[in-house]
Each structure stands twice: as structure tokens, then as C-alpha cells.
Amino acid sequence: AQSVTQLGSHVSVSEGALVLLRCNYSSSVPPYLFWYVQYPNQGLQLLLKYTSAATLVKGINGFEAEFKKSETSFHLTKPSAHMSDAAEYFCAVSPNTGTASKLTFGTGTRLQVTL
Amino acid sequence: KAGVTQTPRYLIKTRGQQVTLSCSPISGHRSVSWYQQTPGQGLQFLFEYFSETQRNKGNFPGRFSGRQFSNSRSEMNVSTLELGDSALYLCASSPGAVNTGELFFGEGSRLTVL
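The rules behind these values
- Residues numbered from 1 in each chain as written.
- Chains lettered and ligands numbered in written order.
- Predicted model: local features only at pLDDT ≥ 70, side-chain atom pairs only at ≥ 80, totals over all residues.
- Heavy atoms only, no water.
- Contact = heavy atoms within 4.5 Å.
- Salt bridge = Lys/Arg side-chain N within 4 Å of Asp/Glu carboxyl O.
- Polar contact = N/O pair within 3.5 Å; in protein donor to acceptor, adjacent residues only side chain to side chain.
- Helix = DSSP H or I, 4+ residues; strand = E, 2+ residues; numbered from the N terminus.
- Nonpolar A, V, L, I, M, F, W, Y, C, P; charged D, E, K, R; others polar.
- Pairing = 2+ DSSP bridges.
- Axes fitted to C-alpha atoms, helices over the stretch in contact; angles between N-to-C directions.
- Disulfide = S-S within 2.5 Å.
- Phe/Tyr/Trp six-rings, centres within 6.5 Å; stacked < 30°, edge-to-face > 60°.
- Buried < 20%, exposed > 50% of the residue type's maximum accessible area, 1.4 Å probe, protein only.

Caption draft 1: Layout of the interface of chain A and chain B. Of the residues lining the interface, 22 residues belong to chain A; the matching set on chain B comes to 23 residues. For the pair chain A and chain B, the number of links is one salt bridge. Counting the contacts that link chain A with chain B gives five residue pairs in polar contact (both at pLDDT 80 or more). Put simply, the parts of the chain that give the side of chain A that touches chain B at least two residues each are β4 (31-38), β5 (44-50) and β9 (87-95) of chain A. For the side of chain A that touches chain B, the element with the highest residue contribution is β4(A), accounting for four residues. Taken together, the residues of the side of chain A that touches chain B break down into ten nonpolar, ten polar and two charged.

Structure (C-alpha cells):
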């Protein structure tokens, strides 16, 4: 079975500081990995995805993530936080075979950005 | 292109009642998935429909059911509501023919069970 673990349910950074949100995965087969963001009272929006091409993946709003097989990690980073980045971030995993689009989500990390 | 539309956005029910939630996917998308989001359990997969057939199912009791129509619109139904069914129910669509894992989510239907 596939799973993801997000370390830290709450992360607080100052505006302009580096954002680092951690995600480790467990999968018996090469997975697809995703980061989604959820703003208050909204659905989820895809930030970026890893599908076994380049290990460094660039997403929207200046976010990027690096797939590290040796560490089974897929951490999300952004060089400089902005107030508008405050939201909840979810790491997710999906099998890269078949046609089913089932995602298994982590428990989420709430990002707070302070002045 | 319009996004995923879910109705109603908010609803309040009492224990024992049933509820039906509706989801209209992005035009051209044939797969619709449903997720339940709660503070305690997080995001959990309910089921996925593709071309009017249930293609995948999560670990929820039989009180949770769904269906998909020929125009790809989907409904989910929860019967005999329990307090623990209070949640945000999210619908997501994808083209569906090949698994890319990329889902497009609606804003959700927030169900409160009293």
C-alpha cells in the first residue's frame, strides 16, 4: 500500500523567508507524487507533480519539489514566502499504473506567513 | 472552461436523514472522484466513477453510494446520516482515460449533521 507522511502539521515562516514543507512517501512501486494547496473554504489546487521524468519539479506560484528516491522524500520549497502563500498544503501519492486516479493524501501542513 | 461545480455548498441535516450531493465535472472529463475531508481523518477517498461505472472504491460503509450519469455528472448519497458524517465532501474530475493522477477539485459541499 502507498502512503505519505507529512512532518509538521503547522509551519510558520516570516515573509521573504524560505518555505520548506516535508513529505516522505512509502511505495512498493515507482509512484506519482503531488503537492496540492487548499485555501480557506476552497477545494484543492494542484501545485506540482512528479511523474518519473525530471527529479526537480517546478510548479505554480514559485514552488518546487525534488524527488529523492534514496531518501523517499518529496519536500516542497519556495525561496521567498509571500503572505498569499498562507494555506494548507497536502502531499499525495498515486500509483503510476492502471487508469484509476485514486490519491492517498498526507495529513496536511498548515503554512502561516508572518510579517 | 468552467471548473468543477458542486451543489449545494452548505447543508445541515439531522441524524437518520439522507443526503444527495451533486458534482458537475469539467467539460470533457469522464472521471469523477469523491473525497471526504474531516479534521480527524483528513482526506479520504470515497469512490471514482468513469463512464458511468464505479472504477475504484474506498473503505467506507455501504451507506455511502454514488452514481454517474451519461453526461459525466455525478451524485453521491449518504443514507442514515450519523454525526461522524459531518465533513467537507470534495468532488474531483479528470479526463480519466489514462492515469495521470492529476485531479481538478471543486470547492466542496460542507455537510453538518446535527
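Past the structure itself, the notes keep going.
Caption draft 2: Quick peek at the sheet that holds strand β3 (residues 19-26) of chain A. All names here are of chain A. Spatial strand order, β1-β3-β8-β7-β6: five strands in an open sheet with antiparallel pairing. Each end of this open sheet is capped by a strand with a single partner; those strands are β1 (3-7) and β6 (56-58). This sheet shows a mean twist of 20° between the axes of neighbouring strands, independent of strand direction. As paired strands, β6 and strand β7 (residues 64-68) are joined by three bridges and run antiparallel to one another. Residue pairing in the sheet places Val57 in a bridge with Ala65 of β7.

Caption draft 3: Focus on the state of the cysteines. Residues and elements named next belong to chain A. If you walk through the whole model with that rule in mind, you get two disulfides over all chains. Disulfide pairing is shown between Cys23 and Cys91; the S-S distance is 1.9 Å. Disulfide Cys23 to Cys91: torsion about the S-S bond roughly -60°, handedness left-handed. Placement of the pair is Cys23 in strand β3 and Cys91 in strand β9, with a sequence separation of 68 residues.

Caption draft 4: Broad picture of the packing of aromatic side chains. By the definition in use, this model includes 14 aromatic pairs over all chains. Between A:Phe105 and B:Phe105, the ring centres sit 6.3 Å apart and the planes meet at 65°, which makes this aromatic pair edge-to-face. With A:Phe105 in strand β10 (residues 104-105) and B:Phe105 in strand β10 (residues 104-105), this pair bridges two chains. Judged by relative accessible area, B:Phe105 falls into the buried class, the value being 10%. Each ring, one from B:Phe47 and one from B:Tyr49, has its centre 5.7 Å from the other, and the planes form 70°; the classification is edge-to-face. Note on accessibility: B:Phe47 and B:Tyr49 belong to one class, buried. An aromatic cluster of at least three residues, connected via ring pairs, comprises A:Phe34, A:Tyr36, A:Phe90, A:Phe105, B:Tyr35, B:Phe45 and B:Phe105.

Caption draft 5: How the structure looks around the sheet that holds strand β7 (residues 64-68) of chain B. Residue and element names in this part refer to chain B. The strand order across the open sheet built from four strands is β1-β3-β8-β7, with neighbouring strands paired in antiparallel fashion. In this open sheet, the two strands that pair with only one neighbour each are β1 (5-7) and β7. Within this sheet the neighbouring strands show an average axis-to-axis angle of 15°, counted without direction. In this sheet, strand β8 (residues 74-78) lies alongside β7 in antiparallel orientation, the contact comprising five bridges. Paired with Gly66 across the two strands is Met76, which belongs to β8.

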